[in-house]
Amino acid sequence: MGALYLVRHGQASFGAADYDKLSDVGVEQARVLGEALRSRLPTVDVVVTGTMLRHRETADACLQALGHPVETRRQVAGFNEFDHVEVVERHTPRFADPDVMREELAAMKDPRRAFQELFTQAVARWVAGGHDGEYRESWSAFKARCLDALAALVASLGPSRTALVFTSGGPITAIAQELLGIPDAHAFRMNWTLANCGITKVLYSERGRYLSTLNEHGHFEGAHRSLITYR
């Protein structure tokens, strides 16, 4: 059987002008992951990333630590995250002005928790499907796009190959949901617990695709416990 290792990107820069760029913690997470993969993955046949900066930066730091040539990675837009900014704006239209959202969140006792509660509600609205026409990419379209990217990658690999895929929590959620048969309404219960630089392993063969592990992040336990983050 072949194996796809889906890696959620390292911690991005929450609250910064460019969220897409990895934080210092995110870079260190990717480096530690690469070191952990040295003995686990002696051979990596293909490296794929989404086209987002946080995907590419995670891959670069991980591959350097792994000792795998960075220039071999290729980008596939199908593994990109959904547009979380639009999802929030459709739920709370006044947050189309990012300054308004920043000011309101800054006034909260715990801005990160406040944003998570807002985001949870916004995603639930998106996934429910009752307002699909308001989004450039509905939940069902997003899910189809991620599954198509997975299918195309498997078809290009051939049998018994190993691929590293650097992506985001949304695509991992969509893929795991499909393989486990989880209803849409419950899909994001997985997403909220996906650790930065955690690994989800998908096995494939001519008989189908199977979820082997979900959200592995044991490489951050023990001495690296401080690197466990979820946003």
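Residues numbered from 1 in each chain as written. Predicted model: local features only at pLDDT ≥ 70, side-chain atom pairs only at ≥ 80, totals over all residues. Heavy atoms only, no water.

A word on the overall build of the protein chain. Summing up its helical and strand segments, the protein chain has eight helices and six strands in all. Starting at the N terminus, the α and β elements of the protein chain follow one another as β-α-β-α-β-α-α-α-α-β-α-α-β-β. By the compact-globule yardstick of 17 Å for 231 residues, the protein chain fits well, its C-alpha radius of gyration being 18 Å. Principal axes of the C-alpha set define a box for the protein chain whose edges measure 50 × 40 × 30 Å. Split into buried and exposed, the 231 residues of the protein chain put 49% on the buried side. Within the protein chain, residue pairs in contact and separated by at least 24 positions form 72% of the contacts whose partners lie at least 6 positions apart. Surface exposure of the protein chain reaches about 10,800 Å², of which carbon and sulfur atoms provide 52%. For the protein chain, the distance from the average position of its 26 positive side-chain charges to the average position of its 28 negative side-chain charges is 4 Å. (Helix = DSSP H or I, 4+ residues; strand = E, 2+ residues; numbered from the N terminus. Rg over C-alpha atoms; globule rule 2.2 N^0.38 Å. Buried < 20%, exposed > 50% of the residue type's maximum accessible area, 1.4 Å probe, protein only. Contact = heavy atoms within 4.5 Å. Areas by Shrake-Rupley, 256 points an atom, 1.4 Å probe, with all protein chains shown as cover. Lys, Arg positive; Asp, Glu negative; His and termini not counted. Charge placed at Lys NZ, Arg CZ, Asp CG, Glu CD.)

In this model helix α1 (residues 24-40) runs 25 Å from its N-terminal to its C-terminal C-alpha over 17 residues, within 8% of the 24 Å that 1.5 Å per residue would give. Burial in α1 covers these residues: G26, Q29, A30, V32, L33, G34 and L37. (Expected span 1.5 Å × (residues − 1).)

Burial analysis of strand β4 (residues 162-167) places six of its six residues in the buried class, the great majority of the element. Pairing between strand β1 (residues 2-8) and β4: six bridges, direction parallel. Of the residues in β4, the one forming a bridge with Y5 is L164. Summarising the sheet, strand β2 (residues 46-49) and β4 pair through four bridges and their orientation is parallel. Within β4, the position partnered with V48 by the bridge is V165. (Pairing = 2+ DSSP bridges.)

The topology assignment puts H217 in the segment after β6 (208-216). Separated by 2.8 Å, the side chain of H217 and the backbone oxygen of N215 make a polar contact. Among all residues touching H217, those that are not within four sequence positions of it are A195, G198, I228 and Y230. (Polar contact = N/O pair within 3.5 Å; in protein donor to acceptor, adjacent residues only side chain to side chain.)

As a further point, take unusual backbone geometry. Peptide bonds are mostly trans, and most non-glycine residues show a negative phi. Even without being glycine, S160 reaches a positive phi, approximately 55°. The residue S160 is located in the loop between α6 (139-157) and β4 in this model. Despite not being glycine, C197 shows a phi value in the positive range, around 60°. Checked against the element boundaries, C197 lands in the loop between α8 (184-191) and β5 (199-205). Taking the relative accessible area as the measure of exposure, C197 reaches 0% and is therefore buried.

Distances and angles like these do not, on their own, reveal function.
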